[in-house]
Amino acid sequence: QVLSDVFNAPVFTIDTANSACLGSAYRAIHGLVAERNVSLADVVKLAPEPRLAVTPTPGAEEVYRPLLKRYAELEQKVIYNPASSC
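Residues numbered from 1 in each chain as written. Predicted model: local features only at pLDDT ≥ 70, side-chain atom pairs only at ≥ 80, totals over all residues. Heavy atoms only, no water.

Looking only at helices and strands, the chain has four helices and two strands in total. Secondary structure elements of the chain occur, N-terminal to C-terminal, as α-β-α-α-β-α. Against the globule reference of 12 Å for 86 residues, the chain gives a C-alpha radius of gyration of 18 Å, more extended than a compact globule. Once the C-alpha set of the chain is aligned to its principal axes, its extents read approximately 45 × 35 × 25 Å. Within the chain, the fraction of its 86 residues that count as buried is 9%. (Helix = DSSP H or I, 4+ residues; strand = E, 2+ residues; numbered from the N terminus. Rg over C-alpha atoms; globule rule 2.2 N^0.38 Å. Buried < 20%, exposed > 50% of the residue type's maximum accessible area, 1.4 Å probe, protein only.)

Structural data, given as structure tokens:
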């Protein structure tokens, strides 16, 4: 629910163990077939059907939007001037 609220987006899951590893495997397959102009979308058509797990809580975006903006600003400071203190 937290990811859905923070990013104001629905979260989908698939019924498989180690889904992060599965995503990496699909990216690897895409890398192998990319020279044949196969898109990542075509590769992941092989994936199990996702199911909606949660949707954003109404009003959560109002809380998280300013925080995400601040986080992005701090991240840029660290990336472009790692010696500075935040």
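Per-residue confidence for the chain gives a mean pLDDT of 88, with 95% of residues at or over 70. Element-level pLDDT for the chain is lowest in helix H2 (residues 19-33), with a mean of 88, against a maximum mean of 95 in strand E2 (residues 51-54). (pLDDT = per-residue confidence, 0-100.)

Our focus in this paragraph is H2. Here H2 contains 15 residues, and its C-alpha end-to-end distance of 21 Å stays within 8% of the 21 Å for a straight helix at 1.5 Å per residue. The set of residues buried in H2 consists of Tyr-26, His-30 and Val-33. The buried side chains of H2 occupy one side of the element, clustering within an arc of 75 degrees when seen end-on. Exposed residues pointing more than 90 degrees away from the buried face of H2 are listed as Ala-20, Cys-21, Gly-31 and Leu-32. For H2, the elements touching its buried residues are helix H3 (40-44). (Expected span 1.5 Å × (residues − 1). Arc of directions from axis to C-beta. Contact = heavy atoms within 4.5 Å.)

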